[in-house]
Amino acid sequence: MRHYDRGLEPDVAADETSTATGERALRWQVLAIVAVLVALVAVTKVTSYDTWVHLSLGRWMSEHGTVVRANLLSHTMPERPVVDHQWLFQCGLYQLWRLVGIPGLVVAKALVVGAAFAVVAATALRKGATPTAAVAVALLAAYAARSRFTLRPQVVSFLLLAVYLHTLERWRQTGRGWRLLVLVPVQVLWANVHGSAVVGVALPFAYGLAEALRAALAAKGLKVQPGPRKGAEAVAPLCLSALLFMFSVWTPYGRDVLFEPFLLTRAQVVSGLRPFLLDRSPLPWSELLGGHAFFAVLVLFGLATLVGTLIRKDVTEAGLFAGLLVLAFHSQRFVGLFAIGAAPIVARNVSDAATAWLKRPRTAVRGGRRAVAQRVVVALVVLALMELGWRGLRGEQPTGWQPPRGYLPEQEVAWVQAHAPAGNLFNEWEHGGFIAWRTGRPVFLDSRGLLAYDPELVRAYVASWTSGEILAELTERYELRVALVAREPLVGQFRASGRWTEVHRGPVCSVFVVTGGESGAARRARGAAGATSP
């Protein structure tokens, strides 16, 4: 037998090279299919009220050359300190808006989401999922998270989390701890983009503990797949977690960016306002058969196939799935993070289950244009079925480049600017960011809620929906002169008030102005004049 440099016969070496090339080509085909299709799914209308807050703050920082440290959008609490852990996203969003407008922002957001789920599919393939399962489960996960595809910094955190999980999975399979250092700049970016950066610190720590447990199970003679990291390799993610914590303070707000999410959660619970805080509330069980049905399907597939994870004694996967699931039910804002983390696990387990059920080994990789065309057709069919299911369950057309018609008080804000441009404003908190963005006018409240306002003010605002006395107290305390009101109970309180008169009715809000009685400022001025007169 002749000897060669690689110790292989020429035909064997050629076969292995051909197989490796085919697998790489297949991998890139899968990633391209997922990226393009998920990007199309993510071209959705601008439905987040926070978008306008981010644009307003980004504009202010770009004009003043410094970060926000106080509640600059409000006339009720303009000096209240804030930790704006999303400042970098806000500046980037505003600068991009100047170049491409709102439609361009929607496209950019779609590209980020598409890239995130392409990385998810790459992680699934690395775990051992079949290409079909990787594409199908990635699309299912995208639809599970679709309600979170808004113009908010959370979409960037989807991509960063996907990069984290892919890097950690490569470490689990290769043990090359030095590759984990790529997460240091990723963590610095995450800490300056979104409050979920604390997840980036916790993940390597959790992976290190889970791998130590897997090593202990392997030491007892149990079959553990993939082989656990041991010794110095197992310590690498624990050291990385400490390093990431130190680099997370590389923000204008220091370590506050890591602690602020916990303080906010505590404030929501203590204040009793969590049910009113839009999507920060727990995931309703009733929604699992409606708006969050795709999330429910992903959870059911995960639970049904999690036996594969348990057979492999992969406590890392089981812990990740369970932890993200708890977070998703704790707050709707974590549904997207669950979809990103769970999809590779579900794809691998579905692949194993399908192989066992069909009782045949996985077929070899097929290449060529015909095979590529078949994969694209299958992916499009899956996408079409999911799109039909989405529209049937939610009864809406999500695709678009602009806010939905009748979603924002555009007409009412224009009317107020033309007819009542002066005086303190009362507004619904969902509309505060849009009003600030469109007019530059200080608002009563905005969608940041307890992140920028004291619980007492938010509680008083909620109570004013049904209490005329509290509405009168707010009118007096903050010297309100103009109001844009959307909620019918609150509209009724304004109409019943003796001080407010409805002067305009738009498609979204009623506009009221103060016409009766004497304002607090006028009374104080009259009192001061009386005290100084002889």
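Residues numbered from 1 in each chain as written. Predicted model: local features only at pLDDT ≥ 70, side-chain atom pairs only at ≥ 80, totals over all residues. Heavy atoms only, no water.

Focus on the overall build of the chain
Rule in force here: Each helix corresponds to a stretch of at least 4 residues labelled H or I by DSSP, and each strand to a stretch of at least 2 residues labelled E; elements are numbered beginning at the N terminus. Using a 1.4 Å probe on the protein chains alone, a residue whose accessible area is under 20% of its type maximum counts as buried, one over 50% counts as exposed, and one in between counts as partly exposed. Using a 1.4 Å probe, accessible areas were evaluated by the Shrake-Rupley method; residue-level cover was limited to the displayed protein chains.
Secondary structure assignment for the chain yields 19 helices and 4 strands. Looking at the chain as a whole, 52% of its 534 residues are labelled buried. Total accessible area computed for the chain in this model is approximately 24,300 Å², and 63% of it derives from carbon and sulfur atoms.

Regarding the packing of helix α7 (residues 197–219) against helix α8 (residues 232–248)
Helix-helix packing is characterised by the crossing angle of the two axes and by the distance between the axes. Keep this limit in mind: Angles here are taken between N-to-C directions and fall from 0 to 180 degrees, while the axes themselves are lines fitted to C-alpha atoms, restricted in helices to the stretch in contact. Oblique is the label for any angle not covered by the other classes, which are roughly parallel (under 35 degrees), roughly antiparallel (over 145) and roughly perpendicular (65 to 115). Handedness of a helix crossing follows the sense of rotation of the near helix relative to the far helix, less than a right angle counterclockwise being left-handed and clockwise being right-handed. In this description, contact between two residues means that some pair of their heavy atoms is separated by no more than 4.5 Å. Lys, Arg, Asp and Glu make up the charged group, whereas Ala, Val, Leu, Ile, Met, Phe, Trp, Tyr, Cys and Pro make up the nonpolar group; the residues left over, Gly among them, are polar.
The contact between α7 and α8 brings their axes to 7 Å, and the two run at 165°. Viewed along their axes, α7 and α8 adopt a mutual orientation that is roughly antiparallel. Between α7 and α8 the crossing geometry is left-handed. Of the residues in α8, those in contact with G200, V201, P204, F205, G208 and L209 of α7 are A234, P237, L238, L240, S241, L244, F245 and S248. Of the residues belonging to the contact of α7 with α8, the class tally is 10 nonpolar, 4 polar and no charged.

Considering a nonpolar patch on the surface
Just so we agree on the cut-off: Patch membership requires over 30% relative accessible area and the absence of a salt bridge. Like charges are linked within 9 Å, and nonpolar side chains (Val, Leu, Ile, Met, Phe, Trp, Tyr) within 5 Å. The rule for a salt bridge is simple: a side-chain nitrogen of Lys or Arg has to be within 4 Å of a carboxyl oxygen of Asp or Glu.
A contiguous nonpolar patch, built from F245, M246, F259, F262 and L263 and spanning about 520 Å² of accessible area, is present on the exposed surface. Secondary structure elements with two or more residues in the nonpolar patch: α8 and α9 (256–271). It is α9 that provides the largest number of residues to the nonpolar patch, a total of 3 residues. By the element assignment, F245 lies in helix α8. Exposure remark for F245: the relative accessible area of 36% places this residue in the partly exposed category.

Examining the pairing of strand β2 (residues 480–485)
The following threshold applies: Strand pairing requires that DSSP identify at least two bridges connecting the strands.
With respect to burial, β2 is a largely interior element, 5 of its 6 residues being buried. Of the pairings in the sheet, the one linking strand β1 (residues 424–427) to β2 comprises 4 bridges and is parallel in character. Across the sheet, the residue bridging to N427 is L484, located in β2. By the bridge criterion, 4 bridges tie β2 to strand β4 (residues 510–514) in an arrangement that is antiparallel. From the neighbouring strand, L484 faces β4, where its bridge partner is V511.

Focus on the side chain of Q154
Among the structural elements, Q154 can be located in helix α5 (residues 154–174). What makes Q154 buried here is its relative accessible area of 3%. The residues contacting Q154, other than those within four sequence positions of it, are R148, H194, R333 and F334.

As for the sheet that holds strand β3 (residues 500–505)
If you trace the 4 strands from one edge of the open sheet to the other, you get β1-β2-β4-β3, paired in mixed fashion. Each of the sheet's edge strands pairs with one partner strand only, and the pair in question is β1 and β3. Strand-to-strand twist in this sheet, taken as the mean axis angle between neighbours without regard to direction, amounts to 25°.

Overview of the packing of aromatic side chains
Applied cut-off: Two rings from Phe, Tyr or Trp (for Trp, the six-membered ring) form a pair when their centres are within 6.5 Å of each other. A pair whose planes differ by under 30 degrees is stacked, one over 60 is edge-to-face, and the rest are tilted.
On inspection of all chains with the given rule, the structure shows 22 aromatic pairs. A ring pair is formed by W52 and F434, whose centres lie 5.5 Å apart and whose planes are at 85°; its orientation type is edge-to-face. Residue W52 is located in helix α2 (residues 50–64), and its partner F434 is located in helix α15 (residues 432–439); the two are separated by 382 residues in the primary sequence. Judged by its relative accessible area of 1%, F434 is buried.

Quick notes on the packing of helix α4 (residues 131–144) against helix α10 (residues 293–311)
In contact at an axis separation of 7 Å, α4 and α10 are set at 135° when each is read in the N-to-C sense. Classified by the angle their axes make, α4 and α10 are oblique. Pair α4 / α10 crosses with left-handed handedness. Residues V137, L140, A141, Y143 and A144 of α4 pack against F294, F295, V297, L298 and F301 of α10.

Thoughts on the confidence of the model for the chain
As a reminder, the rule being used: Every residue is assigned a pLDDT by the predictor, reflecting its confidence on a scale from 0 to 100.
Looking at the chain as a whole, its pLDDT mean stands at 85, while 85% of the residues score no less than 70. Predicted confidence for residues 1–8 stays below pLDDT 50, and this span has 6 contacts to residues more than four positions away or in other chains. Low pLDDT (under 50) marks residues 519–534, which in the prediction has 9 contacts with non-local residues, meaning those over four places away or in another chain.

Quick look at the pattern of salt bridges
Proximity of charged atoms lets side chains of opposite charge pair with each other. Per the stated rule, a full pass over the model turns up 21 salt bridges. Residue R487 is joined to E428 by a salt bridge in which the shortest nitrogen-to-oxygen separation is 2.7 Å. Placement of R487 in the loop between β2 and α18 (488–496) and of E428 in the loop between β1 and α15 is noted, with a sequence separation of 59 residues between them. What makes R487 partly exposed here is its relative accessible area of 21%. Measuring nitrogen to oxygen at the nearest pair gives 2.8 Å for the salt bridge that ties R495 to E502. On the accessibility criterion, E502 (30% relative accessible area) is partly exposed. Each of the salt bridges in this network shares a partner with another, and the network as a whole consists of K127, E169, R172, E211, R214, D314 and E317.

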